[in-house]
Amino acid sequence: MLATLSITALQLALAVLSPAFAVASREQQPLGVDHTATQKRVTWDEHSLFIDGKRLFVFSGEVHPWRNPVQSLHLDVLQKLKAAGFNAVSIYFHWGVVEYERGVFRWNEIFDLQPFLDAAKEAGLYVIARPGPYVNAETTGGGFPGWGTRVEGLWRKSNKNYTEAYKPFVREFGALIAKNEITKGGPIILVQVENEYSGFGDGIEDFEYEWELLQDFKDSGITVPTVCDDAWLGGHFQSVDIYGWNSYPLGFDCSHPEVWHSAPPDYFYNLYNSRIRKHGPKSILELQAGGFDGWGGAGYDACGKLIGPEFERVFYKGMYGSAVKVMNLYMAFGGTNWGQLAEPGVYTSYDYGSILREDRRLRDKYYELKLQTQFLAVSPAYLTSTPWQLTESRQIEILKGTRNIVLTVLEDTLDLHTKFYIVRHKYFSKFDSINYRIELKTSIGAITVPKADHTLELQARDSNILLVDYKAGETHIIYSTAELYTWKEIDCFNYIILYGDPNEKHEAAFKVSELKDFSSLDTEEVEWTYQIDNAILTVNFAILEDGDTHTIKFGNTVLLVFCREVASKTWIMDTNPPAIVKGGYLIRSASIEGSHLNLKGDLTQATRLHILATKSVKQVTFNGKDVDTQPATDGWLYVMYTPELPDIKLPELSKLDWKRADSLPEITDSYDDSKWVTASNTYTPNREKPAVKEVLYASDYGFHSGNILWRGHFTASGGEDGFWAVVQGGQAFGYSIWDNGVYVGFWEGDVTTGRHRCNFKLPKSWESGEDHIITILQDHMGLEENWTAATEHFKAPRGIFDYGFNGASPKLVHWKLTGNLGGEKYLDIERGPLNEGGLYAERQGWHLPGFDDSDWKEGSPLDGLKEPGVAFYRTTFNLDVPSGIDYPMAIEYSNSTGSYYRSQIYVNGYQFGKYVNSIGPQKSFFIPQGILNYNGKNTLAISLWAMQGEGAHLNSLDLRILGKVEGGVGEIKNSPAPAWSERKDAY
Ligand SMILES: *[C@@H]1O[C@H](CO)[C@@H](O)[C@H](O)[C@H]1NC(C)=O
Ligand SMILES: *[C@@H]1O[C@H](CO)[C@@H](O)[C@H](O)[C@H]1NC(C)=O
């Protein structure tokens, strides 16, 4: 404790002396408040971060590398973020998957983070590393390893049992981070310690834990600044270098995507200044960019709609109003909870309704976001801006009496005193627009705009940023009511792109010392007017529909006025000098070689591209192919490109030759469970004690995921005619019970029940002295997560709390259990510890390619089972997909009402889908290229657990292409898919 206090006091003392509190210059290089820093590449002051002395807005998107086990696909995701204007990517680590067995770290190919970090560097993105140890992240145990459930005492506390448990992990991961810091030529610029260390089960923020963990990370070699991610602006964990927090303003009810129940996070600035001791850049380590969806939920397209382009406009611009300078969107690409990565609150897809879908296609909101990232990237004045203190009545005054608009004004502390007037609706959830005029405080006096005879329109669910005294390169914009997308100097012209929605009327004024060559270059007659007065040029224009643009030229400035749709599909390429490409689904990158502009990108259909590049460019290539390049007006080039989207032949899954085997021999008389673990513990380190003497918690015996099987051996007293039990598996879990191989009953599961009590009549009353085996097959939906620290939630047992018989009490011989073969000493090192569960088929490796099923019977999952049980199906098919295209594919089920069954999908041995017919909502399971072999043979296996008495079958099963582009990142290397080999100890 003493140490904590002295460090804090020292840091506070230094903070007072820090140059950060002197007048900031745009390119000074302060050390932030930490004068002990051993590196000078990443620094900060109260306004922003600096990298190598240059201020920047850190615009980051969250990606979880472990949710995509195909390493060569990361570059695609990262290039798409780069093309959207992000300059950083933030990643959670997953302790649980690399140290599944305590003390043994397995960085096998699919979980190695190095390829991801290398790809980030290649794509030109910085990395914010968020190692945890706890990450939450809707993953099993919140990222804690399963063995942690046996480590006694509260976790995320200075409890020695816990700190000893995390230290090897911090050493391993800390060393990886240190090696990949920007100081060593890597991409990592910030390290987040802990995660949402904000709510405490015991009510205590454990400063000693914070200090020790921070020190452990530093001792592992980390020198870049540390940050925290407070779950709200609560002032927790302030001993890090830069305080950060998170915000999910609309929550997670995707089932009502039109309903905005809460306001944009309003004006954090004052709260921040009053609560946070060390004033670093305002940093939002997680800002809502979608929502997770749970079992029985609305589906991710609904989440993408709830947190759609309108949300981005209103809520993100609200954040800029709080002068935020580090902003990480959660998630930018969600990925997949393949192989039991999920916690019980989510299902296989972790699409998150993000800008990039799970299958890596772009959502509409991708394009809206691009408008904002590009604007911030060219607006250095924003980086040193702070908000005005404005009362509501003053806001109404500035808005010339208009009510119900919330106005925030940011003013740059330097140079021209650039101002950003941000307007949004007070009644944010309504669908009305408001017309208004506004008084802008400019360098030539207060001006009420528009001066022309019209009003501005704040559309429903919109927010606009008006500019005052903004320098776009050499051009001084006195004001603009239309929003700025970007400005770029190409050759001797300065191109400024303004945008708005069709039919909106706008006004912009520019300082023009000498006005020569003032002209409109539009060929069509269009609606715009201008005045020149006292060396001020004022232009009035309406935003055109149908992609028509205004081009207004004065001096060296070329003003381009686009509608939102056109602006958002305009790509800004960082060639030297830059290039502007209007049109296209995705332009990833560009390079200039002599007279050639080489574009790489993805196109879904025949597309016209208009290109502005340096004069020397005469010829455009697209994805390496020469394209007919025509000059258009005013230096633009024009190309038309028709992508090659060949048809490919897909197998009809339902018509393939399927083999079938029984995957529940455990209920037969002859089954030998002698190799199973005997549940002989009578003590559990778990705080939640069972009601019966024997401990029937799977994690106590090393099984932490997938299906769990229990066999209770009893000798009847005579007269037992009923069995009851309290079983826990997490939300949406289910189970089935047999007595000596005779079906007893099942619990189908629902979305709210994680622990269920059943009471069944036994098929036949037991006779005294008879031996009986009660077999329970239960689902395990993952270990719990709970962002509240110092709780035991992640240890919530999976198994049986209590059970008993009606009629009489038999004598217990013992309980046995199994999960995946080997438990924590799992066999399939390549596919990782969570990929296999406890089904007989999985223990035998039947899901793996190369298993010889020639002596199996024929049978398809569409025929299914006529009785309760588990069947396992295998087939193979070939794919032959040419290179140069990206066709994501999914395996799809269809729902059959009233049928209770669970089914899992295995592609080349990887479990890539968990389907619960009666709960849903997911029916379409994306299988990435690299798991699916696009050029050769694939092994597909399906498990079918029929719960109800009459059995079950699949209604349909299809392989479908989700979208087609020419493009992609080139060759995708298949993830390791080792073939089946004899499992000697399998049972
Ligand atoms: C740490 O673990 C030991 C051994 O399991 C146990 O006796 C002790 O109570 C634990 N400490 C705490 C603080 O829970
Ligand atoms: C998380 O823990 C807190 C404190 O114990 C509890 O109140 C809350 O219900 C838990 N949340 C979940 C989802 O389990």
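None of these values were measured; they are calculated from a predicted model.

Calculation notes
- Per-chain numbering applies: the sequence of each chain, read as written, is numbered from 1 onward.
- Think of it this way: whatever chain is written first is A, whatever ligand is written first is 1, and the rest follow in order.
- Whole-chain, interface and lining totals are the exception, using all residues; otherwise, since this is a predicted model, local features are given only for residues with pLDDT of at least 70 and side-chain atom pairs are given and counted only at 80 or more.
- In computing side-chain properties, one takes all heavy atoms of the structure into account and sets aside hydrogens as well as water.
- The helix count covers DSSP runs of H or I at least four residues long, the strand count covers runs of E at least two residues long, and both are numbered beginning at the N terminus.
- Just to be clear, the radius of gyration here is over C-alpha atoms, and the globule rule we use is 2.2 Å times residues to the power 0.38.
- Note on classification: 1.4 Å probe, protein chains only; a residue is buried when its accessible area is under 20% of the maximum for its type, exposed when over 50%, partly exposed between these limits.
- Any two residues whose heavy atoms approach within 4.5 Å at even a single point are treated as in contact.
- Each accessible area is a Shrake-Rupley result for a 1.4 Å probe, and residues are judged covered by the shown protein chains and nothing else.
- Throughout, near means a residue has at least one heavy atom within 4 Å of the molecule or strand.
- Polar contact is defined as a pair of N or O atoms within 3.5 Å, subject to the rule that within protein one atom must be able to donate a hydrogen and the other to accept it, and that residues adjacent in sequence are counted only when both atoms are side-chain atoms.
- When residue character is reported, Ala, Val, Leu, Ile, Met, Phe, Trp, Tyr, Cys and Pro are called nonpolar, Asp, Glu, Lys and Arg charged, and the others, Gly included, polar.
- Marked domain ranges trace back to an automatic or database domain assignment.
- Simply put, the buried area is the total loss of 1.4 Å probe accessible area from both parts when two parts are fitted together.
- When a carboxyl oxygen of Asp or Glu lies within 4 Å of a side-chain nitrogen of Lys or Arg, that pair is called a salt bridge.
- Only a pair of cysteine sulfur atoms within 2.5 Å qualifies as a disulfide here.
- Working definition: a ring pair exists when centres of Phe, Tyr or Trp rings (six-membered ring for Trp) sit within 6.5 Å. Plane angles under 30 degrees give stacked, over 60 give edge-to-face, the rest tilted.

A. Spotlight on the overall build of the protein chain. Regarding its fold elements, the protein chain presents 14 helices and 58 strands. Scaling as 2.2 N^0.38, a compact globule of 987 residues should have a C-alpha radius of gyration of about 30 Å, and the protein chain matches this with 31 Å. Taking the principal axes of its C-alpha atoms as reference, the protein chain extends roughly 110 × 70 × 50 Å. Per-residue burial over the protein chain gives 66% buried out of 987 residues. A separation threshold of at least 6 residues defines the contact pool for the protein chain, and within that pool the share at least 24 residues apart is 73%. Carbon and sulfur atoms form 49% of the exposed surface of the protein chain, whose accessible area is close to 34,000 Å².

B. Representation of the site of ligand 2 within the structure. The full set of residues close to ligand 2 is N786, T788, T791 and H793. Here N786 contributes a side-chain N or O atom positioned 2.3 Å from an oxygen atom of ligand 2. Protein contacts shield 40% of the accessible area of ligand 2, which totals 360 Å² for the unbound molecule. Looking at the shell around ligand 2 residue by residue, the classes come out as no nonpolar, four polar and no charged.

C. How the structure looks around the site of ligand 1. With respect to spatial proximity, the complete set of residues near ligand 1 consists of E152, G153, N159 and N161. One of the side-chain nitrogen or oxygen atoms of E152 is found 2.9 Å away from an oxygen atom of ligand 1. Here an oxygen atom of ligand 1 sits 2.3 Å away from a polar atom, N or O, in the side chain of N161. Burial of ligand 1 by the protein chains amounts to 39% of its free accessible area of 360 Å². Of the residues that constitute the shell around ligand 1, the class distribution is no nonpolar, three polar and one charged.

D. Region of interest: the domain arrangement of the protein chain. Along its sequence, the protein chain is organised into domain 1 (9-362), domain 2 (381-584), domain 3 (653-662 + 850-967) and domain 4 (665-818). Its C-alpha centre places domain 3 at a distance of 29 Å from the equivalent point of domain 4. Facing 14 residues of domain 3, the contacting portion of domain 4 comprises 20 residues. Both sides together, the interface formed by domain 3 and domain 4 hides about 1,200 Å², and carbon and sulfur atoms give 62% of it. Inspection of the domain 3/domain 4 interface yields two salt bridges. Among the ionic pairs, D779 bridges to R902, the shortest N-O distance being 2.9 Å. On inspection of domain 3 and its partner domain 4, the count reaches seven residue pairs in polar contact (both at pLDDT 80 or more). Among the secondary structure elements, those contributing two or more residues to the side of domain 3 that touches domain 4 are β50 (869-880) and β53 (901-907).

E. Region of the structure containing the state of the cysteines. Applying the stated criterion across every chain yields a total of one disulfide. Through a disulfide, C254 is tied to C303; the S-S separation comes to 2.1 Å. One quick way to see it: the torsion about the S-S bond of C254 and C303 is about 105°, and its sign makes the bridge right-handed. Taken together, the positions of C254 in the loop between β9 (244-247) and α7 (269-275) and C303 in helix α8 (residues 300-306) put the pair 49 residues apart, joining distant regions of the chain. Here C254 falls in the buried class, since its relative accessible area comes to 2%. A relative accessible area of 0% means that C303 is categorised as buried.

F. Summary view of unusual backbone geometry. Between Y330 and M331 the backbone carries a cis peptide bond, its omega angle lying at -10°. Looking at the secondary structure, you find M331 in strand β11 (residues 324-333). At the junction of N576 and P577, the peptide bond is cis and its omega measures out at -5° in the coordinates. In this fold, P577 is placed in the loop between β29 (570-573) and β30 (579-582). In this model, A323 sits at a positive phi of 65°, which is unusual for a non-glycine residue. The class for A323 is buried, based on a relative accessible area of 1%.

G. Representation of the packing of aromatic side chains in the model. Taken as a whole and judged by the stated rule, the model has 83 aromatic pairs. Seen in terms of ring centroids, W260 and F315 are 5.2 Å apart; in terms of plane orientation they differ by 80°. Their pairing is edge-to-face. Taken together, the residues span a long stretch of sequence, with W260 in the loop between β9 and α7 and F315 in helix α9 (residues 309-321) at a distance of 55 residues. Judged by its relative accessible area of 5%, W260 is buried. Ring plane angle 50° and centroid distance 4.7 Å describe the contact between F622 and Y641, whose orientation is recorded as tilted. One end of the pair, F622, is in strand β34 (residues 619-622); the other, Y641, is in strand β37 (residues 636-641), and 19 residues separate them in sequence.

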